[in-house]
Amino acid sequence: MKILFGVQGTGNGHVSRCRTLAKALKIAGADVDYIFSGRDPKDYFDMQAFGNYTTYRGVSFATLNGKINFRKTVQRIRAFRLVKDVRELDLSKYDCIISDFEPVSAWAAHHQHRDCLGISNQAVCQYLKPKEYGMIANVIMKYYAPVTNPIGLHWFHFGHKLIPPMIDTFDVTPTEDGNIIVYLPFEALDEITQLLQQFPDHQFICFHPGIKQLSQQKNITFQPLGRDNFTHALVSCSGIITNTGFALISEALVLGKKILTKPVSGQFEQIYNAQCLHTLDMATVMENLNSIKLKYWLGLSSPKPTIYPDVATELANWIVSGQTEPLLSLSRRLWSQTIFPENVNQRIKSLGYV
């Protein structure tokens, strides 16, 4: 099967998730071409799994001090370039089109009257209609990367045909070395530093796009982004502080790491993710870089891990086999293999789900 897979490149979470699925698709025998958009080509890293991928400008959101900056976002849009890329992307040689919230592939499929699988956390809005989104956000979600067959990834199904997260297996057993990982890429690095230095009895490892070389400042180790060193730190840490994207928090859940999360202000997807994590008792949420909330969270114990099945393998086989099994059947089968910690099970029962 020949597949075109479009990946949203703005955040590392999309790339990380699709890296996991890319490996499974290769094992399943698929021949896949990958395109990425939303990031400067020089800023991609650890891309070996995608072979000779292609990059496009696409459309990305601009942030300033942890908030969506709509004026700069609009200034970034190059409508004629986007239309040109969409019209020139020939899909005739592909048996299947997949978009992980990537607009060029999705709109090309729409323009050429092709079905398109939308595999992403954003696709949950097609089913759940989150009130946190509001009218403008729902319009963006509908038209940013339109797909014909949405497959929503989520931490719980909430009674819909969603599927669990896709997570790479970890080769080592998780440990706790006392370090706290901090990955807040949409926040100002100096503000992060000021917050963390208020807690000199705790050691923090800070990853951020603005860090270009390894350095140490009091109780904070600053590390540049890189998949291997980040994964090593994640597996051995005692907790993680991060924005409320989907992929990294999913990894932290399966590793049994306590999570303190701050949604990017104005980023409706992250606001909704934070609400879900709070509702399910999976994480502690803070609305801003709050020292009081951080002090409370540092005193919490680590949770039990959430056990999700091998979703990437199941999904890759489902795609390559022609999607003959109904999505609802696939969803139920995967959730039946999921094991939640007891506190999460109690929350799920209180919400009326069995």
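Residues numbered from 1 in each chain as written. Predicted model: local features only at pLDDT ≥ 70, side-chain atom pairs only at ≥ 80, totals over all residues. Heavy atoms only, no water.

As recorded by an unreviewed UniProt entry, the protein chain carries the name Glycosyltransferase and is attributed to Gilliamella apicola.

You will see that Phe158, though not glycine, has its phi angle at about 50°, which is positive. When its relative accessible area of 14% is taken as the criterion, Phe158 is described as buried. Backbone geometry at Gln323 places phi at a positive 60°, although glycine is not the residue there. Checked against the element boundaries, Gln323 lands in the loop between α12 (311-320) and α13 (327-335). According to the relative accessible area criterion, Gln323 is partly exposed, its value standing at 27%. (Buried < 20%, exposed > 50% of the residue type's maximum accessible area, 1.4 Å probe, protein only. Helix = DSSP H or I, 4+ residues; strand = E, 2+ residues; numbered from the N terminus.)

Of all hydrophobic cores here, the largest spans 69 residues; its most connected members are Phe5, Leu25, Ile119, Met282, Leu315 and Ile319. Counting contributing residues per domain, this core is built from domain 1 (2-167 + 309-350) and domain 2 (180-299), each supplying no fewer than three. Each residue touching Leu25, except ones within four places of it in the same chain, is listed here: Ile3, Phe5, Ala30, Val32, Tyr34, Ala316, Ile319 and Val320. In this structure, Ile192, Leu196, Ile220 and Leu294 belong to the second largest nonpolar core, which totals 18 residues. (Core = buried A, V, L, I, M, F, W, Y, C linked by side-chain atoms within 4.5 Å. Domains from an automatic or database assignment. Contact = heavy atoms within 4.5 Å.)

This paragraph deals with the packing of aromatic side chains. As enumerated under the stated definition, the model contains 18 aromatic pairs in all. Seen from their ring centres, Phe156 and Phe340 are 6.0 Å apart, and the 70° between their planes marks the pair as edge-to-face. With a gap of 184 residues between them, Phe156 in the loop between β8 (149-152) and β9 (179-183) and Phe340 in the loop between α13 and α14 (342-350) connect regions that are remote in the sequence. Using a relative accessible area of 3% as the deciding quantity, one classes Phe156 as buried. (Phe/Tyr/Trp six-rings, centres within 6.5 Å; stacked < 30°, edge-to-face > 60°.)

If you trace the seven strands from one edge of the open sheet to the other, you get β11-β12-β10-β9-β13-β14-β15, paired in mixed fashion. Because the sheet does not close on itself, it has two edges, and the strands there are β11 (215-217) and β15 (284-285). In the sheet, β9 pairs with strand β10 (residues 203-207) via five bridges, with the strands oriented parallel. In the strand pairing of β10, Ile181 is matched with Ile205. (Pairing = 2+ DSSP bridges.)

The next point concerns the environment of Pro200. Within the secondary structure layout, Pro200 lies in the loop between α7 (189-196) and β10. Note: C-alpha distance between Pro200 and Ile220 (20 residues apart in sequence) is 8.9 Å.

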